[in-house]
Amino acid sequence: MSRPMTRPTPRPRTLLGFDYGLRRIGVAVGQEVTRSVAPLITLSRKTDKPDWDAITRLIAEWQPDLLIVGLPLTLEGEDQEMTRRARRFGNQLKGRYNLPVEMVDERLTSYEAEQLLEERSHNGAGRSDPEDIDQVAAQLILQSWFDQQLTPEQHERTP
């Protein structure tokens, strides 16, 4: 008697989100099934280049399936110098690690991250370090990507 064929359950995807900056790069991690996102680390840039050794260690440790990079557009939604640099960084990630990279509009995420951290400090969570802003901005970028994946029906059910 033959057994019915079953499809293997796909492994939940792990994602790393990046808030690219000239001095620091914030990194967050997310898991697709639970849609959970957490700030991870802020990397300092070395001699005007990303710390590729640290990024390589993160890739090896977390084994992400997808990388998300924030795209810093102007408030009007237009490209600027940082937009070009962030795209270049995304292309470098894709080339170095052979992983898919998606870009996400990150307008106002650093401002929103500052506001969240300020609110936490007022609620007794202690004073935040400027580097925390980059990690939280990466978290917000990754959360934004997850939110964009929802169907309109799922958006209605999300609190």
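Residues numbered from 1 in each chain as written. Predicted model: local features only at pLDDT ≥ 70, side-chain atom pairs only at ≥ 80, totals over all residues. Heavy atoms only, no water.

Peer 1: Which parts of the structure should I look at to understand unusual backbone geometry?
Peer 2: Backbone phi values are negative for most residues with the exception of glycine, while trans is the configuration of most peptide bonds. For Gln63, which is not glycine, the phi torsion reads 45 degrees and is therefore positive. With respect to the helices and strands, Gln63 occurs in the loop between helix 1 (52-62) and strand 4 (66-71). The backbone phi angle of Asn98 is positive, close to 50 degrees, even though this residue is not glycine. Secondary-structure assignment places Asn98 in the loop between helix 2 (81-97) and strand 5 (101-105). (Helix = DSSP H or I, 4+ residues; strand = E, 2+ residues; numbered from the N terminus.)

Peer 1: I tried to follow the sheet that holds strand 2 (residues 24-31) on my own but got confused; where do I start?
Peer 2: Strand order in the open sheet formed by 5 strands is 3-2-1-4-5, and the pairing between neighbours is mixed. Since the sheet does not close on itself, it has two edges, and those belong to strand 3 (36-44) and strand 5, each with one partner. Strand-to-strand twist of the sheet, defined as the mean angle between neighbouring strand axes without regard to direction, takes the value 25 degrees. Sheet analysis places strand 4 next to strand 5, joined by 5 bridges and oriented parallel. Bridge assignment links Ile68 to a residue of strand 5, and that residue is Glu102. Contacts from helix 1 reach strand 1 (14-20), strand 2, strand 3 and strand 4 within the one sheet, and its direction differs from that of strand 3 by about 155 degrees. In this fold helix 2 packs onto strand 1, strand 2, strand 4 and strand 5, with an angle of close to 170 degrees to the strand it touches most, strand 4. (Pairing = 2+ DSSP bridges. Axes fitted to C-alpha atoms, helices over the stretch in contact; angles between N-to-C directions. Contact = heavy atoms within 4.5 Å.)

Peer 1: Teacher, can you tell me more about the nonpolar core here?
Peer 2: Soluble, globular proteins show a tendency: their nonpolar side chains are buried together. One finds Leu16, Phe18, Ile55, Leu67, Phe89 and Leu93 to be the most contacted residues of the largest nonpolar core, which totals 21 residues. When residues of this core are traced back to their parent elements, those giving at least two are strand 1, strand 2, helix 1, strand 4 and helix 2. Not counting residues up to four positions away in its chain, the partners in contact with Phe18 are Ile25, Gly26, Val27, Leu67, Ile68, Val69, Gly70, Phe89, Leu93, Ala138 and Ile141. Within the second largest apolar cluster, 11 residues are counted, among which are Ile68, Ile141, Trp145 and Phe146. (Core = buried A, V, L, I, M, F, W, Y, C linked by side-chain atoms within 4.5 Å. Buried < 20%, exposed > 50% of the residue type's maximum accessible area, 1.4 Å probe, protein only.)

Peer 1: Help me understand helix 1, please; the structure alone is not making it clear to me.
Peer 2: Given 3.6 residues to a turn, an α-helix orients residues that are three or four positions apart in the same direction. Buried within helix 1 we find Trp52, Ala54, Ile55, Leu58 and Ile59. For helix 1, the angular spread of the buried residues around the axis is 160 degrees, confining them to a single face. Across from the buried face of helix 1, at angles greater than 90 degrees, the exposed residues are Asp53, Arg57 and Glu61. Tucked inside the fold, the buried residues of helix 1 contact strand 1, strand 2, strand 3, strand 4 and helix 2. (Arc of directions from axis to C-beta.)

Any functional reading would require information beyond the geometric quantities listed.
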